[in-house]
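The primary structure of each chain is shown beneath.
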Amino acid sequence: MSKSAAAKPNRPWRSLPYVLTAPATLLFFTMVLVPLLLTALLALNSYNDNVGIKATYDLHNFLAIFGDEYYLRIFWRTFWIAALTTLICILVGTPEAYVLSRMGRKWRAFFLIVILAPLLVSVVVRAFGWSMLLSADGLINSALQAMGMAPVKMLYTAGAIVVALVHVMLPFMVIPVWTSLQRLDPTVEHAALSLNASQAVVLRRILLPQVAPGVLSGSLIVFGLSASAFAIPGLLGGRRLKMVATTVYDEFLGSLNWPLGASIAIVLLVANLIIMMTYNRILERRYSKTLG
Amino acid sequence: MRRNGPIALLFHALVVLFVLAPLVLVCLVAFTAQDTLSLPFTSGYGASLRWFRAVFDHPDFLQSFYNSLQLALLSATLSVCLALPAGLALGRYRFPGRDALNGLFLSPLIIPSLVLGVAFMRMFSVIGSSGSFFWLVIAHTVVITPYVLRMVLAAVIGIDRSSEQAAQSLGAGPWTVFRRITLPAILPGLSGGWMLAFINSFDELTMSIFVTTPATVTLPVRMYMYATESIDPMMASVSALMILITGGAMLILDRLYGLDKILIGERV
């Protein structure tokens, strides 16, 4: 009896979840799916300086991108800068998360916020800070000259982009590694040490396997965000050192070739999605391996 | 607990120095008395507030600040209005299409902002509303709603259902249960989500740069444009003000919800 009494008033509520999600669904449908579809169509159009955008539908923009050394070089530069940034973030972020996890409660809470809070400061501000540090008459060069050394050109080099990207992306590496370290039972480490395992063995057999998913997850976020970063290469790379994002910006607002800009953006989006999906695959396989 | 050795602490100090150096430098240079980017109290000059005053002589910067503030207030509020019912539905009910909707609502997190910016720019030109402030608010709402939704979802899933059931059994209607029990229980998550959305909207550059026009330029976009053309200490003072505003928002966020919880829970 109680069962049917509970089921009955539930009937009219069956559509409730759809009613509740309707406003958000409407927004995301018109503002995510529709614009992306329009951009994909735009990428198939052609552009001509005299007529503007022409409604042709073929893949010539993509062929032009992959056939032109200029664009391939930009893709390659974006790839290696993002890869190098990811590598440095792993090498700095993983030990830093470990050091943080071994601090006392108070210091840990304090430094966790110090390391992670810059995440919320606008990227323009951080890029500007680095351009001041690295410029020809900036703080680092002044210090070098005060010590009697020759100034080094740092601003408008790939090195400047990598350093600033590492600065912006480091929290995205520390967070997942930190989270996976939290799941580590500290007694396991103690047990290993009390059984005469060396520090290196503990690191290799206990810590690394535990943080590996965190490092992987952080690497993908860092790589994805670095590959599509805009403000850092825009302010620290100058006019000549273009990355994918700054190229798209120039195509759209400089040379007004929207179809070409849209195709580059689509390539970036697809590459990003492939990376994210590969990650999910790897993670699933890992879990099935450890569980099975 | 095993302590950190001296090498570990030295490494930690270097990382903290690396993280803070550019931000601290920006705040120091903002107080320079000279015409160039330089630290105060160097080359025989003192410190001064002249570059903060200079900001107020730039009506374009003031206008952009006002735009950004309005935009962040409106889009964060709108985003909460959308994420609250959606979060309740996704957190409480199992229904066909639930996973698809969840994926759709969180998709702006995996689509690069650059791609979203391009897509919005194209759509606004197709529907002939380029440069409209209303559509800028809508665009920002899309980008920040995933953050609010995650906070709401976490709050909804964490609710203890027994007090709701108790209220129900005592004859409270669904609206009363929601208003008196459910809403107060998720309020910390909701207000934390609003604040996080506010900060994200206020700082947003990459998407906005594609969809703002001279009349609707936001502060980060204005700063980016300014920094690509000329660099004088005014950039530093505007940046210092930005850090101040974000810092204030972070303090409120810490009181409302706990900053560490938000930062750690922010990404997977």
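Only a predicted model underlies this, so the values are computations on that prediction, with no experimental measurement involved.

For the rest of this paragraph, the subject is the overall build of chain A. A tally of regular secondary structure across chain A gives 13 helices and two strands. What you see for chain A is a C-alpha radius of gyration of 25 Å, clearly larger than the 19 Å of a compact globule of 292 residues, by over 25%. For chain A, the spread of C-alpha atoms along the three principal axes comes to 85 × 75 × 35 Å. Counting only residues that meet the buried cut, chain A has 40% of its 292 residues in that class.

For chain B, the helix and strand inventory stands at twelve helices and zero strands. Secondary structure elements of chain B, listed N to C terminal, follow the sequence α-α-α-α-α-α-α-α-α-α-α-α. If you line up chain B on its principal axes, its C-alpha atoms span 75 × 65 × 30 Å. Burial status across chain B gives 46% buried among its 268 residues. When contacts within chain B are restricted to residue pairs at least 6 apart in sequence, long-range pairs at least 24 apart make up 73% of them.

Interface extent is often summarised as the accessible area lost during association of the parts. Opposite the 70 residues of chain B that make contact, chain A presents 69 residues. At 13 residues, helix H1 (residues 6-29) of chain B tops the list of elements feeding residues into the side of chain B that touches chain A.

Here we come to the packing of helix H4 (residues 69-101) of chain A against helix H10 (residues 199-227) of chain A. All names here are of chain A. Viewed as axis vectors pointing N to C, H4 and H10 meet at an angle of 145 degrees, and their least axial separation amounts to 9 Å. Where H4 crosses over H10, the handedness of that crossing is right-handed. Contact residues: H4 offers Thr78, Ile81, Ala82, Ala83, Thr85, Thr86, Cys89, Ile90, Gly93 and Thr94, while H10 offers Val211, Val215, Gly218, Ser219, Val222, Phe223, Ser226 and Ala227. Of the residues contributing to the contact of H4 with H10, the split by class is ten nonpolar, eight polar and no charged.

On to the confidence of the model for chain A. Atom-level detail of predicted coordinates should not be read off regions where pLDDT is low. Per-residue confidence for chain A gives a mean pLDDT of 87; residues scoring 70 or more make up 93%. Per-residue pLDDT stays below 50 along residues 1-10 of chain A; that stretch engages in zero contacts with residues further than four places along the chain or on separate chains.

We now examine the environment of Ala83 of chain B. Along the polypeptide, Ala83 of chain B turns up in helix H3 (residues 59-92). Ala83 of chain B sits in the buried class, given 29 other C-beta atoms within 10 Å. Separated by 105 residues in sequence, Ala83 of chain B and Pro188 of chain B have C-alpha atoms that sit 14 Å apart. Beyond its immediate chain neighbours, meaning those up to four positions away, Ala83 of chain B contacts Ala24 of chain A together with Thr145, Val148, Leu149, Val152 and Gly193 of chain B.

This brings us to helix H8 (residues 158-182) of chain A. Residue and element names in this part refer to chain A. In this model H8 runs 35 Å from its N-terminal to its C-terminal C-alpha over 25 residues, within 8% of the 36 Å that 1.5 Å per residue would give. By the largest-angle criterion, Met169 marks the main kink of H8, which is about 45 degrees, and a proline, Pro171, follows within four residues. Judged by how many residues are buried, H8 sits mostly within the fold: 19 of 25 residues are covered.

Before going further, it helps to examine the packing of helix H2 (residues 16-44) of chain A against H3 of chain B. Here H2 of chain A crosses H3 of chain B at 135 degrees, and the two axes come no closer than 8 Å. As the angle between them shows, H2 of chain A and H3 of chain B are arranged oblique. For H2 of chain A against H3 of chain B, the interelement crossing comes out left-handed. Each of Pro17, Leu20, Thr21, Pro23, Ala24 and Leu27 of chain A in H2 of chain A lies in contact with H3 of chain B, whose residues at this interface are Leu82, Ala83, Pro85, Ala86, Leu88 and Ala89 of chain B. Partitioned by chemical class, the residues of the contact of H2 of chain A with H3 of chain B number eleven nonpolar, one polar and no charged.

The next point concerns the environment of Ser239 of chain B. Relative to the helices and strands, Ser239 of chain B is located in helix H11 (residues 233-256). We classify Ser239 of chain B as buried; it has 28 C-beta atoms within 10 Å. Excluding residues that lie within four positions of it along the chain, Ser239 of chain B makes contacts with Val125 and Phe128 of chain A together with Val26 of chain B.

Moving on, we come to unusual backbone geometry. All names here are of chain A. We note that Tyr156 has phi near 65 degrees; this positive angle belongs to a residue other than glycine. With a phi close to 60 degrees, Leu256 is a non-glycine residue in the positive phi region. Within the secondary structure, Leu256 is located in the loop between helix H12 (244-253) and helix H13 (258-291).

Residues at a pLDDT of 70 or more form 98% of chain B, whose mean pLDDT is 90. If you check the scores for this complex, the pTM reads 0.89 and the ipTM reads 0.89.

Cut-offs used in this document
Every chain is numbered on its own, with residues counted from 1 as its sequence reads. Each chain gets a letter, beginning with A, and each ligand a number, beginning with 1, in the order they are written. Owing to the predicted nature of the model, reporting of local features is limited to residues with pLDDT of at least 70; listing and counting of side-chain atom pairs is limited to 80 or more, with chain, interface and lining totals taken over all residues. Strands are runs of DSSP state E lasting at least two residues, helices are runs of H or I lasting at least four, and both sets are numbered from the N terminus onward. Values of the radius of gyration come from C-alpha atoms, whereas the globule rule sets the reference at 2.2 Å times the count of residues to the power 0.38. Remark: C-beta atoms are placed from the backbone, and a residue is labelled buried if 20 or more other C-beta atoms sit within 10 Å of its own, exposed if 12 or fewer do, or partly exposed between those counts. The contact criterion used is a C-beta to C-beta distance within 7 Å, with each C-beta placed from the backbone. Orientation is described by axes fitted as lines to C-alpha atoms, over the contacting stretch for helices, and by angles from 0 to 180 degrees between their N-to-C directions. It is the rotation of the near helix from the far one that decides the hand of a crossing: anticlockwise by less than a right angle makes it left-handed, clockwise makes it right-handed. For this scheme, ten residues count as nonpolar: Ala, Val, Leu, Ile, Met, Phe, Trp, Tyr, Cys and Pro. Four count as charged, namely Asp, Glu, Lys and Arg, and the remainder, Gly too, count as polar. pLDDT gives the predictor's per-residue confidence on a scale running from 0 to 100. By this rule, a helix spans an expected 1.5 Å times one less than how many residues it contains. Here the bend at a residue is taken as the angle between two axes, fitted respectively to the seven residues that end there and the seven that start there. Angles below 35 degrees are treated as roughly parallel, those above 145 as roughly antiparallel, those between 65 and 115 as roughly perpendicular, and all remaining angles as oblique.

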